[in-house]
Amino acid sequence: MLHLLGVNLPDQKLVQYALPLFYGIGQKTSLKILAALSIHKKCKVSDLSESQVTQLSSLLTEMTIESDLRKQIRANIMHHRSIGTYVGRRHAMGLPVRGQNTRNNAKTARRLNGRWLKAERKEYSTATTRSIIPTPDSPFESFFNRNWF
Amino acid sequence: MAHRLLSSSTLLLLPRTQPSLAARVKAAVPVQYANYVTASSVVLAAKPKPKPKAGGAKVVQTKGRANSFRKKISADEDASEGSIGGSSRQNEKYYKPVTPVKVEEFLPSTVTKENIGQVLGFPSNVLPALNHTGYPTLLNEQFNLIKPTALVVRESTVNFLEKIDKAMKTPSAQSRLVLTGRSGSGKSAMLLQTVSHCLSSGWVVIYVPKASTWVNSSFAYNKVFDSTTFVQPTLASNIASQINSINKRALSKIVTSGAVKVGRHEIAQGTTLSALLEMGTKDPSAAQDVMEVFMKEMNSQNTIPTLIAVDEVNSFFRQTQYFDQDGKKLDPEFLRLPRLFLNYISGKSSLNHGAVVIATSDSLLENKSEVLDIVLGAKQVSPYYRLPPNLVSWTEGLTRFDVPNYTRTEAKGVFDYYKKGNIFFDAATESLFLNRFIISGGNPRNFFTACAKGI
């Protein structure tokens, strides 16, 4: 089990199919990464050398993946909401955003839209900027850090 | 209905003829299972057997119910009794004992026009060598089925080996032979026979049974610093060890002509090529350089001829599955080891004494090379069709050798060999041979599947 940037990559998996386990990496970017690092397509995670692992992690930290990407997406949607656009309203209501029909068939939108406006979960992050939604500290800390009593 | 629960009360109600059966059934079943009767015990009871039955082995105690349809009879009991339950005994037609067939050896002396149609096995010194490299995939299936590993001597074999013998004293650039033919017509088999012939004749043989594995991204690769080419260290190391194990005796007599630097190692003048290859085996990072030095030394050899035999060579004439750093697929000329072999195939490098024999393969569609098919005439295109120039440059000057289907005598010889190898379901008669020969059209692979699998 290779533990890389908060994600466990199983040893027996091919690297080509293990990289998409990161949020923000799909099949195409996975192949691009392999090409850049000269890793053959049938290489398993257990076959990677130490230097290749360090190269891989440095390459991945340069990209926006995982929590950084999630923050970016959330920020984009919150922006629409905060300036009061139609798009923002539709996200908040959990309805289709891009002008689709709602008389029938809005199932995916009803199920998935609006999840970006809920509270943020604590995740592994390489970014140093604070998130716009306040993260819940431990009860002890939040008691002493608040400005009101 | 005899399988119903029999109690003493019912016995009295049964007619006169039945009590004997019931009595026999009761006698057949051990006392503790008296209330449970199975069909098997009834049948067994019907046949008077002198042997006493082992208690409990036959009848399964079904909890509370006399479910006679769920009979579980031990296999050895059943086989000995010879009654129901023949499913446990293996189908005699299908499972036949493996009997190694007695065959003569495939030697330069035995490969003559008189022996056309004879199936000859690989000699005892060649077999261990071929075990190191492995066999082509589909031929391996046939070899696993019938022991020992043997191939039929064909007319084309005799003609081809004559050509090889003539090439013994000439540079390899003049004898670059490519075996072509339809799918399953015996190209890989002919190549194997050539390899065996050359090994028996004392040549140094470099045999690659599956060239597709070199370019299908199954080996690690690294970019060479300050160059557009790539190295495959583990592959080079494997190949070095294979060549060393096949040709150890011949290579321990040849020495390097000058001092060379290979990776981090210094090779002194006068080291045997065998020791050089061993070093390449131990240190994969130097293996590619070792291979290049080795081939250079073999170029200048005048005493021992060298054979370079590559199967599935069409994978060298198309884009590989490797990527360069920009994400584009690599051509084989950018991989150092395939390029080394391509140099000999195209005649850009030449061995002083030797030959290059290559064979195409239609096994996998992903290895198909359009360029090679067009150049060899297997595919017809308009003369205005533009071929990729970098691939075409490697195909110049190849001599084509067609491998035809079986003739009647060759097929008969193979059929007799299969018969001795015991792979037929039905009786191996002349009419069966004709049937198989006609439906396969003489195509060797189809003939084999028709004989072995009946399809």
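Computed from a prediction, not measured in an experiment: that's the story for all the values here.

K.L.:
What is the right way to look at the pattern of salt bridges in this model?
P.N.:
Two side chains that carry opposite charge are able to pair once their charged atoms sit near each other. Summed over all chains, the structure comprises 13 salt bridges over all chains. Note that arginine 70 of chain A and glutamate 66 of chain A form a salt bridge whose closest N and O atoms lie 3.8 Å from each other. Residue arginine 70 of chain A and its partner glutamate 66 of chain A are both found in helix 4 (residues 66–82); the two are separated by four residues, about one turn of the helix. The same class applies to arginine 70 of chain A and to glutamate 66 of chain A, which are both buried. A salt bridge links arginine 408 of chain B to glutamate 430 of chain B; the shortest N-O distance between them is 3.6 Å. Of this pair, arginine 408 of chain B sits in helix 17 (residues 408–420) while glutamate 430 of chain B sits in helix 18 (residues 430–440), and the two are 22 residues apart along the sequence. Of the residues examined, glutamate 430 of chain B reaches a relative accessible area of 41% and is grouped as partly exposed. One continuous salt-bridge network, built from bridges that share partners, spans Arg408, Lys412, Asp416 and Glu430 of chain B.

K.L.:
Help me understand the interface of chain A and chain B in this model?
P.N.:
A common way to express how large an interface is: the accessible area buried when the components associate. Chain A puts nine residues into the contact, and the matching count from chain B is 14 residues. Surface buried jointly by chain A and chain B totals about 900 Å² across both partners, of which 53% is contributed by carbon and sulfur atoms. At the boundary of chain A with chain B, the tally comes to zero salt bridges. Along the contact surface separating chain A from chain B lie four residue pairs in polar contact (both at pLDDT 80 or more).

K.L.:
Just checking my understanding: could you explain the packing of helix 7 (residues 155–166) of chain B against helix 8 (residues 187–200) of chain B for this structure?
P.N.:
To describe two helices that pack against each other, one gives the angle between their axes and the distance between the axes. All names here are of chain B. Their axes nearest at 10 Å, the elements helix 7 and helix 8 cross at an angle of 45 degrees. On the basis of the axis angle, helix 7 is oblique to helix 8. In the crossing of helix 7 with helix 8, the sense of the turn from one axis to the other is right-handed. For the pair helix 7 and helix 8, contact is made by Ser156, Thr157, Phe160, Leu161, Ile164 and Asp165 and by Met190, Gln193, Thr194, His197 and Cys198, respectively. Looking at the contact of helix 7 with helix 8, its residues break down into five nonpolar, five polar and one charged.

K.L.:
Before we go on, may I ask you to explain the packing of helix 6 (residues 137–145) of chain B against helix 19 (residues 444–453) of chain B in this structure?
P.N.:
Residue and element names in this part refer to chain B. At their nearest, the axes of helix 6 and helix 19 sit 12 Å apart, and the two run at 35 degrees to each other. Note on packing geometry: the crossing formed by helix 6 with helix 19 is left-handed. From helix 6, Leu138, Glu141, Gln142 and Leu145 reach across to helix 19, where they touch Arg445, Phe448, Ala452 and Lys453. Considered class by class, the residues forming the contact of helix 6 with helix 19 number four nonpolar, one polar and three charged.

K.L.:
I keep staring at the sheet that holds strand 1 (residues 104–105) of chain B and nothing clicks. Help me out?
P.N.:
Either a parallel or an antiparallel arrangement is found when strands of a sheet pair, and the pairing is made through backbone hydrogen bonds. Residues and elements named next belong to chain B. With mixed pairing, the three strands of this open sheet are ordered in space as 1-2-3. Every interior strand has two partners, whereas the edge strands, strand 1 and strand 3 (150–152), have only one. Two elements, strand 1 and strand 2 (residues 119–121), share two bridges in a ladder whose sense is parallel. For glutamate 105, the partnering residue across the bridge sits in strand 2 and is glycine 121.

K.L.:
Please explain the sheet that holds strand 4 (residues 176–180) of chain B as it appears in this structure.
P.N.:
All names here are of chain B. Pairing within the open sheet is parallel, and its five strands lie in the order 5-10-11-4-12. Each end of this open sheet is capped by a strand with a single partner; those strands are strand 5 (204–208) and strand 12 (399–402). Across the sheet, the mean angle separating the axes of adjacent strands is 20 degrees when strand polarity is ignored. By the bridge criterion, four bridges tie strand 4 to strand 12 in an arrangement that is parallel. Paired with valine 178 across the two strands is arginine 400, which belongs to strand 12.

K.L.:
Whenever I open this one, the pairing of strand 5 of chain B confuses me. Can you help?
P.N.:
Here is the key point about a regular strand: its side chains alternate between the two faces of the sheet. Residues and elements named next belong to chain B. Counting buried residues along strand 5, five of its five residues qualify, which places the element largely inside the surrounding structure. Residues Val204, Ile206 and Val208 of strand 5 are buried on one face, and the alternating residues Val205 and Tyr207, pointing to the opposite face, are buried as well. Note that strand 5 and strand 10 (residues 306–310) share five bridges and pair parallel. Note that in strand 10 the partner of valine 208 across the bridge is valine 310.

K.L.:
Just to check I follow, could you spell out the confidence of the model for chain A for this structure?
P.N.:
Should the pLDDT be low somewhere, the predicted coordinates at that spot are not to be read in detail. Residues at a pLDDT of 70 or more form 85% of chain A, whose mean pLDDT is 87. At the level of individual helices and strands, chain A shows its lowest average pLDDT in helix 7 (residues 139–145) of chain A, which scores 72, and its highest in helix 2 (residues 27–37) of chain A, which scores 97.

K.L.:
What is the right way to read the confidence of the model for chain B from this model?
P.N.:
Residue and element names in this part refer to chain B. For chain B, the mean per-residue pLDDT works out to 85, and 80% of the residues sit at or above 70. Taken as a whole, residues 5–15 scores under 50 in pLDDT and shows seven contacts with residues more than four places along the chain or in a different chain. pLDDT under 50 marks residues 75–86. Its contacts with residues more than four places away, or in other chains, come to 20 contacts. In the predicted complex, the global pTM is 0.77; the interface-specific ipTM is 0.75.

So, how was this worked out
- Residues numbered from 1 in each chain as written.
- Chains lettered and ligands numbered in written order.
- Predicted model: local features only at pLDDT ≥ 70, side-chain atom pairs only at ≥ 80, totals over all residues.
- Heavy atoms only, no water.
- Salt bridge = Lys/Arg side-chain N within 4 Å of Asp/Glu carboxyl O.
- Helix = DSSP H or I, 4+ residues; strand = E, 2+ residues; numbered from the N terminus.
- Buried < 20%, exposed > 50% of the residue type's maximum accessible area, 1.4 Å probe, protein only.
- Contact = heavy atoms within 4.5 Å.
- Buried area = accessible area lost by both parts, 1.4 Å probe.
- Polar contact = N/O pair within 3.5 Å; in protein donor to acceptor, adjacent residues only side chain to side chain.
- Axes fitted to C-alpha atoms, helices over the stretch in contact; angles between N-to-C directions.
- Parallel < 35°, antiparallel > 145°, perpendicular 65-115°, else oblique.
- Left-handed = near helix turned anticlockwise from the far one by under 90°.
- Nonpolar A, V, L, I, M, F, W, Y, C, P; charged D, E, K, R; others polar.
- Pairing = 2+ DSSP bridges.
- pLDDT = per-residue confidence, 0-100.

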